[in-house]
Amino acid sequence: MSEQLLRRQLYDAFENRAIIYWLIYDELRREFGAEKAEEIMSRAIYRRGAMRSEKYAPYAPNDLHGLRDAFVGGLADEGRMFRPEVLRCDSEALDIKFHACPLREAWQKLGLPDAEVATLCRIAAKIDDGTFLEAGFQFSSDTWQPGGEGCCLLHIRPGKPQEDEKPA
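Each chain carries its own residue numbering, running from 1 in the written order of its sequence. Two thresholds apply to this predicted model, a pLDDT of at least 70 for residue-level local features and 80 or more for giving and counting side-chain atom pairs, whereas whole-chain, interface and lining totals are computed over all residues. To obtain the side-chain values, all non-hydrogen atoms of the structure were used and water was disregarded.

A.B. asks: Got a minute to help me understand the packing of helix H1 (residues 3–32) against helix H4 (residues 102–109) in this structure?
C.D. replies: Each pair of packed helices gets described by two things: the angle between the helix axes and the distance between those axes. Fitted lines through C-alpha atoms give the axes, limited to the stretch in contact for helices. The angle between two N-to-C directions lies from 0 to 180 degrees. The helix and strand labels rest on DSSP assignments: H or I over at least four residues marks a helix, E over at least two residues marks a strand, and numbering proceeds from the N terminus. Two elements in contact, H1 and H4, have axes separated by 8 Å at closest approach and are oriented at 65°. Helix-helix and strand crossings are classified by hand; for H1 and H4 the assignment is right-handed. Across the interface between the two elements, Phe-14, Glu-15, Arg-17, Ala-18, Ile-19, Tyr-21 and Trp-22 from H1 touch Pro-102, Leu-103, Ala-106, Trp-107 and Lys-109 from H4. When residue character is reported, Ala, Val, Leu, Ile, Met, Phe, Trp, Tyr, Cys and Pro are called nonpolar, Asp, Glu, Lys and Arg charged, and the others, Gly included, polar. For the contact of H1 with H4, the per-class residue count stands at 9 nonpolar, no polar and 3 charged. For any helix crossing, the convention is left-handed if the near helix is rotated counterclockwise from the far helix by under a right angle, and right-handed if that rotation is clockwise. The contact definition used throughout considers only heavy atoms, calling two residues in contact when any of these lie within 4.5 Å.

Laid out in structure tokens, this is it:
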């Protein structure tokens with residue numbers, strides 16, 4: 001199989017994921033309202049992130065350089081899909097700005113209103129919350145907003161040492 005074909009399939013899979021997120025959100029919203037739909041999907045997507053956290057747990061609570069290399073180095077299509085920019089990486093903070101997002105792009109391609117795209121971005125970003133918080137880091141993100149450039153800005157900070165890691 002050619003690299004070009006594999007790349008196209010990868011991007012198609014992300015677009016499919018985005019469409020499935022939107023369809024599930026839309027059905028939940030119709031049934032339970034927008035707030036409850038966001039809450040349910042956020043919990044489920046956080047759980048999926050938590051399932052991936054083991055990959056990054058060896059870098060917790062404070063190896064932000066190792067985490068950067070593992071995370072950015074493991075992004076799909078050698079980073080081209082999200083176009084990450086490491087804005088800061090030192091012993092106190094790791095900040096990564098994504099300049100592209102195939103999920104947001106798919107929702108915009110569907111013609112969804114900006115406010116709905118922003119909601120879906122907030123929901124989808126819960127995967128990162130689950131990934132980094134459950135790995136043992138402090139984490140927050142700024143998700144895409146209408147008129148904003150790029151997409152998410154991830155803020156990763158050292159976590160708290162585990163009880164067994166504290167000096168005696």
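A.B. asks: What is the right way to read the sheet that holds strand S1 (residues 84–89) from this model?
C.D. replies: Each strand in a sheet pairs with its neighbour through backbone hydrogen bonds, running either in the same direction (parallel) or in the opposite one (antiparallel). Strand pairing follows a simple DSSP-based rule, namely that at least 2 bridges must link the two strands. With respect to topology, 4 strands assemble into an open sheet ordered S1-S2-S4-S3, the strand pairing being antiparallel. The strands lining the two open edges of the sheet, one partner per strand, are S1 and strand S3 (138–142). Each neighbouring strand pair of the sheet contributes to a mean axis angle of 15°, computed without reference to strand direction. Note that S1 and strand S2 (residues 94–98) share 5 bridges and pair antiparallel. By the bridge assignment, Arg-88 is partnered in S2 with Asp-95. On top of the sheet, helix H6 (residues 126–135) reaches S3 and strand S4 (153–157); it is set at about 160° to S3, its chief contact.

A.B. asks: Even after reading the chapter, I still don't get the nonpolar core, so can you show me in this structure?
C.D. replies: Most often, soluble globular proteins have nonpolar side chains that are buried together. Here, the term nonpolar core denotes a set of buried Ala, Val, Leu, Ile, Met, Phe, Trp, Tyr and Cys residues that are joined through side-chain atoms within 4.5 Å. Throughout this description, buried means an accessible area under 20% of the type-specific maximum (1.4 Å probe, protein chains only), exposed means over 50%, and partly exposed covers the range between. Counting 45 residues, the largest nonpolar core has Leu-67, Phe-71, Phe-98, Trp-107, Leu-154 and Ile-156 as the members making the most contacts within it. When sequence neighbours within four positions are dropped, the list of residues in contact with Phe-98 reads Phe-71, Leu-75, Phe-82, Arg-83, Pro-84, Gly-150, Cys-151, Cys-152 and Leu-154.

A.B. asks: Help me understand H1, please; the structure alone is not making it clear to me.
C.D. replies: Residues separated by three or four positions in an α-helix point in the same direction, a consequence of the helix having 3.6 residues per turn. Relative to the 44 Å expected for 30 residues at 1.5 Å per residue, H1 spans 43 Å between its end C-alpha atoms, a close match to the ideal helical length. Every buried residue of H1 is accounted for by Phe-14, Ala-18, Tyr-21, Trp-22, Tyr-25, Asp-26 and Leu-28. Residues of H1 that are buried in the fold lie against helix H2 (34–52), H4 and helix H5 (114–124). Looking one or two residues beyond H1, the residue adopting positive phi is Gly-33, at roughly 95°. A helix is expected to span 1.5 Å for every residue after the first.

A.B. asks: What is the right way to look at unusual backbone geometry in this model?
C.D. replies: Of note, the bond from Ala-60 into Pro-61 is cis; its omega dihedral lies within 30 degrees of zero at 5°. If you trace the backbone, Pro-61 turns up in the loop between H2 and helix H3 (64–73). For Arg-83, which is not glycine, the phi dihedral falls at a positive 45°. Within the secondary structure, Arg-83 sits in the loop between H3 and S1. For Arg-83, a relative accessible area of 46% puts it in the partly exposed group.

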